Amino acid sequence: MRALLRTQLGGVARRPSRLLLTGLAVLVASFVVFAGVLTQQIVARTVEATAATTPAAADLVVGDAEGNATTASVLRQVRELPGVAEAAGRIDTGLQIGGSGGSWIGLSGDPGSGPLALARVIQGSYPDAANEIAVTPRTAERMGLAVGAVTTARIEQQAPQITLTVTGVVEADRDFGQDAYAPDSFVSALGAQDYVRQIDLRLAPGASLTAVREQVNGIVAAAGGDRRPPVRTGAEVRIAEAKGAVDRLKVVFVLVGMFIAIAVAAAALVATSTFRIVFAQRMRQLALLRAIGAGQGGLARALAAEGALTGLVTGTVGVALALAFGHLLPLVLRAFGLTVASPGIPLLPALAVVAGATLITLLAVLAPAFSAARVAPLEALRAASTTSGRRDVGVARLVIGLLLAAVAGLLAFWVFSHRPGPNPENYNPVSLLSQLVLSGTLAYFALVALGPLLVRPVLWVVGWPLRQFGPVGRLAVGGIGGAPRRAAAVSVVVALGVTLIAGVLVNGASLRALSDRDMAISAPADFEVVAGTNATLPNTVVEGARQRPEITHLTPYRRLNGLIITRADSNEPVPVPRPGMPTSDANDLDLGALPELRKLDVRSGSLADLGPGQVVLTRFAASDVNVRAGDRIVLTREQHTVEVRVAAVLPGMTPLGSRVVVDPTDLDRLGAPAGYSGLLADASGAGEDGRTAAQKALRELAGGNDGVGLTVLADQRDEINGQINALLGVAVGLVGLTVLIAVVGVGATTALSVVERVRESGLLRAVGLSRAGLRIMLTAEAGLYGLIGATLGLLLGLPYSWLTIEALGANAPLEMPVLPLIGVFVALVVLTAVAGVLPARRASRVSPVTALAADA
């Protein structure tokens, strides 16, 4: 056994390039895993260093993030304590700037200077008297609040107006375009409130932290209250804030770990395939060892040891490369002005990754090793040193594959038959989604087991265009079809990556459509100008907005409350409205006037049919009276009655939150006043500048009109879209790890097959195939791995993506992003073809005479 082991390991030492090529997928997987460990360290250390919102100079803090706040009375008392150099009260309130016709901003208490300040003056000066505020740069630009500006404001709609002066522009951690700061005493007096979210205390030099803390605890205890706020040291609070920020990222780290685990599984599949190819190339050598007395068990153990050595070496190289990359990346990011912490040198995780790589490779090599060890000694008499692989899958593998496929199909059918309806109540999708994940996993393993049987029929379809390009194309297709087990081993890894990417794209597009629909309802335009309750907009506001070039898609609307909806064919009398009776509201918004409203989808009917005598209902309103598109209903308000047809039913609410959207003529018949309740509008210009100009124009028009308010809806839409884009980007990037492993596997498989088929290549060259023809043939073979895998991946991924949308129960429409899916399909084929370019170039350089004389 020792001699046999020395023989095998000696062969590895003589050809280290084969070792690295065989374990290339494991090397990449080790790099990815350890890079993930270092990335987690970098993110955690960076967040810990930057996430704390409590100033570093705060020695004591009263209050916590759970809402255990204190009072202005406590703030005044702790300020008078001996040893307290400064106390900053964190008090928040809201102001409607510009009187009742302006926009709401958040006003926060802050000292504005000194060690406890969260806002720093960058222009003008910080407020030092009542009725003075400082604003952030984006707020100053959007609301026209330059230094020295004087504006009116009020705490709430019915509160008296006050006059505010902008004394400065400040830089703060947040700037949403509606943020202002002032001393906490002014904020507290302005809001007439006793609520203080948090108190930060800085002690005088030489003061005893313990003594002051005891005194503060006494004041807090004396203040009473149901929820007594804790008194902690500043260090404790900052550590808790940093830990909380890191804890919120744990879900992300778990998600990343799941995708990395999938990539490791893909690497194991690729390693198994490459070991089969390598052992097939050395079949004559293995047969010679059997002929001189090596037993099957000893030979299998020697091959397994070779595989373990491959995992050990490639795992170590992958960890070393990841360590270098992890320490270089922060240096590069800092050079671009980003604050990023450096990782440490996590020795135990590094050893764990190397051990894991060794174990994964050992497991991957077992099946090929035991298969190769069964070679007959007579194989040593073969003229060639390689043997062709099996084309069948064996009875046991066939039975297992069919059983897996059957169970996966039954689970998928169970999910389909138990999917929620359009209006589920108290529905929890975890159970169905878990069953769906199990079904998908079993379906993929069935694909792995039955892959060699599926390669030829799939190849017959997808390879048809290539066969039309003459002998080279036919040779490429024949080369893949001649080794279906090898083609399946590589293609199923590509299929795994495509399945995951297809799921991300389809589910992402569907959830984006759901988000777009929700945003079209809650934020159908960039801005909304509304009158007060039961009031109408002054005509000067509406007509003035029509004349402003900064504003486009101006859409005024009216609201009407107190409607009763009944079926037109109901024999029951229309109920007489009475106090306390549930009623509905309606609006006459033009659903075709705003671009965002084009994203609305319908449950039934068509929005284009909305017009005189036609209405649009929410699904809740339609369900209450049991109608659908095409049915007729009666709208009743006081003495007014209108019979209309249901043009469409929406899957959720209607824009502006009404239960009914009607035509203006029908709203007139129901007794609606002629004046508009509000208007929606978009900014004419693009970007922040265009939005700021439009906001200023609308604010000028609304200013001075009592009860008229301006709301910026676009910020909410931008924030949601940014979150979805970030989520999809991260998901695609993580799934890309599996694709990377698959492409590496294609390159390694093509490179090893070139060695295995060197005499075949020489024969083709001898009968007239040019070097360019041979390169094209081998490159096309590599591309076919991607083509087969991408086809199988889409066939598996798309149905499961649809079932995922159905099982979620979110009432999301199924969206098929055709162009992105085609792009992924083409990209995978191109990437796998590119992976075969270098091996193809190497094969084309070997002369026909040398190739025909070669023996392995």
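Look up a bit, the structure's there.
Predicted model only: the values in this text are computed from it and were never measured.

## Section: the overall build of the protein chain
When helices and strands are counted, the protein chain shows 27 helices and 24 strands. The 856 residues of the protein chain split such that 48% are buried. Put simply, the protein chain shows about 38,500 Å² of open surface, and 62% of that area lies on carbon and sulfur atoms.

## A word on the pairing of strand β17 (residues 584–587)
Covered by surrounding structure in β17 are Ser 584 and Ala 586 together with Asp 585 and Asn 587, the residues of both alternating faces. Relative to β17, strand β16 (residues 559–567) runs antiparallel, the two being bridged by three bridges. Note on β17: the bridge partner recorded for Arg 559 is Asn 587. Where β17 and strand β22 (residues 660–661) come together, two bridges link them in parallel fashion.

## Some remarks on the packing of helix α24 (residues 771–808) against helix α25 (residues 818–835)
Close contact between α24 and α25 brings their axes to 7 Å; oriented N to C, the two are set at 150°. Comparing the axis directions of α24 and α25 gives the class roughly antiparallel. In terms of crossing hand, the pair formed by α24 and α25 is right-handed. Residues Thr 779, Ala 782, Gly 783, Gly 786, Leu 787, Ala 790, Thr 791, Leu 794 and Leu 798 of α24 form the contact with α25, whose participating residues are Leu 821, Phe 825, Leu 828, Val 829, Thr 832 and Ala 833. Of the residues belonging to the contact of α24 with α25, the class tally is 10 nonpolar, five polar and no charged.

## A short note on the packing of aromatic side chains
Applying the stated criterion across every chain yields a total of three aromatic pairs. When the ring of Phe 416 is compared with that of Trp 802, the centres are 5.6 Å apart and the planes differ by 40°; the resulting orientation is tilted. Of this pair, Phe 416 sits in helix α13 (residues 395–417) while Trp 802 sits in helix α24; the two residues are 386 residues apart in sequence, bridging distant segments of the chain. Classification of Phe 416 as partly exposed rests on a relative accessible area of 31%. Above the ring of Phe 416, the side-chain terminus of Arg 419 is found at 4.1 Å from the ring centroid.

## Brief notes about the side chain of Ser 677
Along the chain, the position of Ser 677 falls in the loop between α20 (664–669) and β23 (678–683). Using a relative accessible area of 16% as the deciding quantity, one classes Ser 677 as buried. Excluding residues within four positions of it along the chain, Ser 677 makes contact with Val 530, Ala 531, Ala 535, Leu 537, Tyr 557, Arg 558 and Arg 559.

## Brief notes about the sheet that holds β23
If you walk across this open sheet you meet the four strands as β15-β23-β14-β24, and the pairing is antiparallel. With partners counted over all chains shown, the strands left at the sheet margins are β15 (551–557) and β24 (709–712), one partner each. For this sheet, the mean inter-axis angle between neighbouring strands, taken without regard to orientation, is 20°. Two strands pair when backbone bridges link them, and strand β14 (residues 527–530) and β23 are joined in this way by four bridges, in the antiparallel orientation. Directly across from Val 529, in β23, lies its bridge partner Leu 679. Of the strands in this sheet, β14, β15 and β23 touch helix α18 (residues 539–547), which is tilted by about 155° from β15.

## Remarks on the pattern of salt bridges
Using the criterion set out here, one finds 20 salt bridges in the structure. Its salt-bridge partner being Asp 588, residue Arg 558 comes within 3.0 Å of it at the nearest N-O pair. On the criterion of sequence distance, the pair formed by Arg 558 in the loop between β15 and β16 and Asp 588 in the loop between β17 and β18 (604–605) is long-range, its members being 30 residues apart. Each of the two residues, Arg 558 as well as Asp 588, counts as buried. Between Arg 558 and Asp 668 there is a salt bridge whose closest N-O contact spans 2.7 Å.

## Details of unusual backbone geometry
The phi torsion at Asn 626 lies on the positive side, around 60°, for a residue other than glycine. Overall, the relative accessible area of 59% leaves Asn 626 in the exposed class.

## Focus on helix α7 (residues 209–223)
Within an α-helix, residues lying three or four positions from one another point in the same direction, as the helix has 3.6 residues per turn. Taking 1.5 Å as the rise per residue, α7 with 15 residues should run 21 Å; its terminal C-alpha atoms sit 21 Å apart, in good agreement. Those residues of α7 lying buried are Val 212, Val 216, Ile 219 and Val 220. Along the axis of α7, the buried positions cluster into a sector of 95°, meaning they face one direction only. In α7, the exposed residues that point more than 90 degrees away from the buried face are Thr 210, Glu 214 and Ala 222. Backbone geometry just after α7 places Gly 224 at a positive phi near 70°.

## Observations concerning the sheet that holds strand β1 (residues 60–62)
Strand order across the open sheet formed by four strands is β3-β12-β1-β13, with antiparallel pairing between neighbours. What marks the edges here is a single partner per strand, and that holds for β3 (84–90) and β13 (231–233). Pairs of neighbouring strands in the sheet enclose a mean axial angle of 20°, with direction left out of account. The pairing of β1 with strand β12 (residues 198–203) spans three bridges and is classified as antiparallel. Across the sheet, residue Val 61 finds its bridge partner in β12, namely Asp 200. Sitting on the sheet, helix α4 (residues 72–79) is in contact with β3 and β12, with an inclination near 165° to β3. Sheet strands in contact with α7 are β1, β3, β12 and β13, and its direction is about 160° off that of β13.

Conventions adopted
- Sequence order as written defines the numbering, with residues in each chain counted from 1.
- Side-chain atom pairs in this predicted model are given and counted only at pLDDT of 80 or more, local residue features only at pLDDT of at least 70, and totals for whole chains, interfaces and linings cover all residues.
- Hydrogens and waters are ignored; side-chain quantities use all the structure's heavy atoms.
- Going along the chain from the N terminus, every DSSP run of H or I of four or more residues is numbered as a helix, and every run of E of two or more is numbered as a strand.
- Type-normalised accessible area, obtained with a 1.4 Å probe on protein chains alone, sets the label of each residue: buried when under 20%, exposed when over 50%, and partly exposed for intermediate values.
- Using a 1.4 Å probe, the Shrake-Rupley method yields the accessible areas, and only the shown protein chains count as cover for residues.
- Two strands pair under a simple rule: DSSP has to find at least two bridges between them.
- Inter-axis angles, ranging from 0 to 180 degrees, are taken between N-to-C directions of lines fitted to C-alpha atoms, where helices are fitted over the stretch in contact.
- Should an angle fall under 35 degrees it is taken as roughly parallel, and over 145 as roughly antiparallel, whereas 65 to 115 is taken as roughly perpendicular and any remaining angle as oblique.
- For a crossing to be left-handed, the near helix must be turned anticlockwise from the far one by less than a right angle; the clockwise case is right-handed.
- The contact definition used throughout considers only heavy atoms, calling two residues in contact when any of these lie within 4.5 Å.
- In this classification, Asp, Glu, Lys and Arg are treated as charged, Ala, Val, Leu, Ile, Met, Phe, Trp, Tyr, Cys and Pro as nonpolar, and every other residue, Gly included, as polar.
- Pairing of aromatic rings covers Phe, Tyr and Trp, the last counted by its six-membered ring, and requires centre-to-centre distances within 6.5 Å; plane angles under 30 degrees mean stacked, over 60 mean edge-to-face, and any other angle means tilted.
- Only Lys NZ and Arg CZ are tested; either one counts as a charge over a ring when it is within 6 Å of the ring centre and within 35 degrees of the ring normal.
- What makes a salt bridge here is a side-chain nitrogen of Lys or Arg within 4 Å of a carboxyl oxygen of Asp or Glu, nothing more.
- Any helix carries an expected span of 1.5 Å times its number of residues minus one.
- The directions considered for the arc are those from the helix axis to the C-beta atoms.

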